[in-house]
Amino acid sequence: MRERKSAKLNQQPQPQPQLQHHQNGHLSPFKLAKLLDPDASWDKDQLGDVLHWTRQVLGLFCGLIWGAIPLVGGIWFLLFAALSTGIIYAYYAIVLKVDEEEFGGHGALLQEGLFASISVFLLAWILVYSLAHF
Amino acid sequence: MASALFSGLRYSDSLTVVGISFCTAVVCEAISWLLIYRTASYKSLKSTIDKTSKKLETMKTTDVNSASANLLKKTSKTKKIDRVETSLKESSRDLSMFKFKSGGVVALVLFMVFGLLNSLFEGKPVAKIPFVPIKLVQKMSHRGLAGDDMTDCSMAFLYLLCSISIRTNLQKFLGFSPPRGAAGAGLFPMPDPKSS
């Protein structure tokens, strides 16, 4: 398993010129496909950025939903924290199949964007709750 | 029509706080770019930290994967890693000092904006928190507010949340976040236990 995961860092990404010249949209299909490709090779900074922005989107989405329903009580904050962490872990461990040792361990990957995402979540939750229900 | 809709909302002031926070974040990043990010010193330090981090990672990976049992070689390798780590910490410290000196203007702007918001919304709840915060957080979330309802949200707490969420992500989006290699090193580094 470790040899397979380590080998992923060394293998060169296969060029796909017909997809790289795709003109429609801001993100080419090549980049989007990499987000779900378990065989893609990742740079530490690239993976960190993807995890950061994924956390922010999760925080914003959950905050909007929690505030709209509304969900009231501290338990829902803990639920968000658990859900967010679980989704990020599942993403890099199961979908991307990265070797966490190559990127500083589970702690380093799970803390990417954590603090900012909690702030985004709280801000969205509080704003939607205040504006929609009072 | 929009202003009539917003004025009908009980906590429409929260949108004012968010709007001002967003504008402040943009202004602060513009000032930071002017005084810090576009300077040759900052670019040079950042490049050094990036290169040193990558070099350190490569050295540590090679060291782990090495099949050599030669003690002398391992000791020499460890010393090299220590030297590179020390160099990384020094560069990170220099970067922090550089940003600290130029960050005074940004701090002044933030202080003035906070003062403005305080004068506008002092003693007035600007939002409703959907849970009762822990005692430590209540000192900020219920700051300056009358009554015992701890779900009333003060301007200070909302401004804090806005600042953290908007500024952090704006810096990330614009590429002004500190390099990952500098994350572990601070302004006041602890002594290296290996050297004692």
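As annotated in an unreviewed UniProt entry, chain B carries the name Calcium load-activated calcium channel and comes from Salvia divinorum.

Named according to an unreviewed UniProt entry, chain A is Respirasome Complex Assembly Factor 1 originating from Salvia divinorum. On record in UniProt, under Subcellular location (unreviewed entry), the comment for chain A is "Endoplasmic reticulum membrane". Comment text from UniProt for chain A, heading Sequence similarities (unreviewed entry), reads "Belongs to the EMC6 family."

Draft legend 1. Structural context of a nonpolar patch on the surface. Residue and element names in this part refer to chain B. A cluster of nonpolar side chains, contributed by Trp-33, Leu-34, Leu-35 and Val-105, occupies part of the molecular surface with about 340 Å² of accessible area. The dominant element in the nonpolar patch, judged by the number of residues it contributes, is helix H2 (residues 13–37), at 3 residues. Secondary-structure assignment places Val-105 in helix H5 (residues 104–121).

Draft legend 2. Region of interest: the UniProt feature "transmembrane region" (unreviewed entry) in chain A. All names here are of chain A. In the numbering adopted here, UniProt assigns the feature "transmembrane region" (unreviewed entry) to residues 64–94 and 114–132. Spanning residues 64–94, this segment combines 84% helix with 0% strand, and its end C-alpha atoms are found 27 Å apart. Taken end to end, residues 114–132 comprises 100% helix and 0% strand; its first and last C-alpha atoms sit 27 Å apart.

Draft legend 3. Representation of the UniProt feature "transmembrane region" (unreviewed entry) in chain B in the model. All names here are of chain B. UniProt records the feature "transmembrane region" (unreviewed entry) for residues 15–37 and 103–121 in the present numbering. For the annotated span residues 15–37, helix accounts for 100% and strand for 0% of the residues, and the straight-line distance between the end C-alpha atoms is 30 Å. The span residues 103–121 carries 95% helix and 0% strand; its end-to-end C-alpha distance comes to 27 Å.

Parameters at a glance
What you see as residue numbers is a count from 1 along each chain, following the sequence as written. To label them, take the chains in the order written and letter them from A, then take the ligands in the order written and number them from 1. Local features in this predicted model are restricted to residues of pLDDT 70 or higher, and side-chain atom pairs are both shown and tallied only at a pLDDT of 80 or more, whereas totals for entire chains, interfaces and linings draw on every residue. The side-chain values count all of the structure's non-hydrogen atoms but skip hydrogen atoms and water molecules. UniProt positions are given in the numbering used here, feature names are shortened, and annotations may be inferred rather than shown by experiment. Any residue with relative accessible area above 30% and no salt bridge may belong to a patch, with like charges joined within 9 Å and the nonpolar Val, Leu, Ile, Met, Phe, Trp and Tyr side chains within 5 Å. All accessibility values rest on the Shrake-Rupley procedure with a 1.4 Å probe; residue burial counts only the protein chains present in the view. The salt bridge definition used is simple: a Lys or Arg side-chain nitrogen within 4 Å of an Asp or Glu carboxyl oxygen. Secondary structure elements follow DSSP: runs of H or I no shorter than four residues count as helices, runs of E no shorter than two count as strands, and numbering proceeds from the N terminus.

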